[in-house]
Amino acid sequence: TMGEQAGNRVEIETTHVSSFAGDVLVLKYAQGLYGADKEIFSKHLSAEQQDRPMPAPGNSIAFVPGSSLRVQHVIFLGVVPLFLFEYAEIREFGRRTLSAVAQCVPRATHLGLTIHGPGIGLDEIEAFESVLAGLVEAVRLNEYPAELRRITFVERNVGRANRLSVALRHLLPNAQIATGTRGPLSALTKDVQNVFRSVGYASASK
């Protein structure tokens, strides 16, 4: 409708990561494979693809999976090993997600990713806030695919998906990251702006 600021819609989808349908799925490679990352790699990539060297922290690799997945591309972002993967690193993962997609799949309109942290003992809401802050930062820095319209967090645990939805409504009442000229933070309350500025950095010191 007229007057609505342009933006990327953010949503939580309660489904298995292998069922996600979109342009690109972004996963982490924590110098080893775990959970959803491991499942997608081992079940949906060819033997030839699995032989390719996986990315060091800071690098990424894109695969075109077989027809068993409903995405055109899978990107693995190299991150530090899990025991070093804290809120600041999750925030950085969020920021790097959009720039990696912009480089590898520049025409992507719909991106999927999973929540990182709860499986390794981090607080699920703080982990979610951290990755969301990274996504917002990437938009603020204009490091995102120009045609991106939807960002879907895929979470198969119904209880967690519900809790994340509540957190999402609190942080982004319109469920979107604004991409207008005033930037993604302009429409948000001061409290939420402060969360997005500090989460991930302050969290680590707790």
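Placed above this text is the structure.
Everything quoted here is computed from the prediction, not taken from an experiment.

(A) Spatial organisation of the nonpolar core. In terms of nonpolar packing, the biggest core is built from 47 residues, with Leu98, Phe128, Leu132, Ile151, Phe153 and Phe196 touching the most fellow members. Dropping the residues within four chain positions of it, Leu132 is found in contact with Val10, Phe153, Leu168, Leu171, Leu172 and Phe196. Ranked by size, the runner-up nonpolar core spans 16 residues in total, among them Val17, Met54, Leu69 and Val71.

(B) Molecular detail of the environment of Ser42. Checked against the element boundaries, Ser42 lands in helix 1 (residues 35-44). Taking C-alpha positions, Ser42 is 27 Å from Arg107, a pair spaced 65 residues apart along the chain.

(C) The arrangement of the pattern of salt bridges in detail. Applying the stated criterion across every chain, the model contains 10 salt bridges. Where Glu143 meets Arg95, a salt bridge forms, and the shortest distance between an N and an O atom there is 3.1 Å. Here Glu143 is found in the loop between helix 4 (124-140) and strand 6 (150-154), whereas its partner Arg95 is found in helix 3 (residues 87-104), with 48 residues between them in sequence. Accessibility expressed as a relative area gives 30% for Glu143, which makes it partly exposed. Here Glu124 and Arg160 are joined by a salt bridge, their closest N and O atoms 2.7 Å apart. Pair noted here: Glu124 is in helix 4 and Arg160 is in helix 5 (residues 158-171), with a separation of 36 residues, a long-range link. The class of Arg160 is partly exposed, set by a relative accessible area of 21%.

(D) Quick look at the sheet that holds strand 1 (residues 7-13). Strand order in this open sheet of seven strands is 3-4-2-5-6-1-7, and the pairing throughout is mixed. Looking at which strands have only one partner, the edges of the open sheet turn out to be strand 3 (60-63) and strand 7 (176-178). Mean inter-strand twist for the sheet, computed between neighbouring axes without regard to direction, equals 25 degrees. Two strands pair when backbone bridges link them, and strand 5 (residues 110-114) and strand 6 are joined in this way by five bridges, in the parallel orientation. For Thr114, the partnering residue across the bridge sits in strand 6 and is Val154. Contacts from helix 1 reach strand 2 (21-29), strand 4 (70-78) and strand 5 within the one sheet, and its direction differs from that of strand 2 by about 115 degrees.

(E) Summary view of unusual backbone geometry. Notably, Asn142 is not glycine yet its phi reads approximately 65 degrees, a positive angle. The class for Asn142 is exposed, based on a relative accessible area of 58%. The residue Ala175 is not glycine, and still its phi comes out positive at about 55 degrees. Relative to the helices and strands, Ala175 resides in the loop between helix 5 and strand 7.

The rules behind each value
- Per chain, residues are indexed from 1 in the order of the written sequence.
- Only residues with pLDDT of at least 70 are given local features in this predicted model, and only at 80 or more are side-chain atom pairs given and counted; all residues enter the totals for whole chains, interfaces and linings.
- Derived side-chain values reflect all non-hydrogen atoms in the structure, with water molecules and hydrogen atoms excluded from consideration.
- Residue types Ala, Val, Leu, Ile, Met, Phe, Trp, Tyr and Cys, when buried and joined through side-chain atoms within 4.5 Å, form a set referred to as a nonpolar core.
- Burial classification: accessible surface area is computed with a 1.4 Å probe over protein chains only, and a residue below 20% of its type maximum counts as buried, one above 50% as exposed, and the rest as partly exposed.
- Pairs of residues are marked as contacts when any of their non-hydrogen atoms sit within 4.5 Å.
- Strands here mean DSSP runs of E at least two residues long; helices mean DSSP runs of H or I at least four residues long; both are numbered from the N terminus.
- We define a salt bridge as a contact between a side-chain nitrogen of Lys or Arg and a carboxyl oxygen of Asp or Glu at a distance within 4 Å.
- Note: two strands are recorded as paired if DSSP finds a minimum of 2 bridges between them.
- Note on definitions: angles span 0 to 180 degrees between N-to-C directions of axes, and those axes are lines fitted to C-alpha atoms, for helices only across the stretch in contact.

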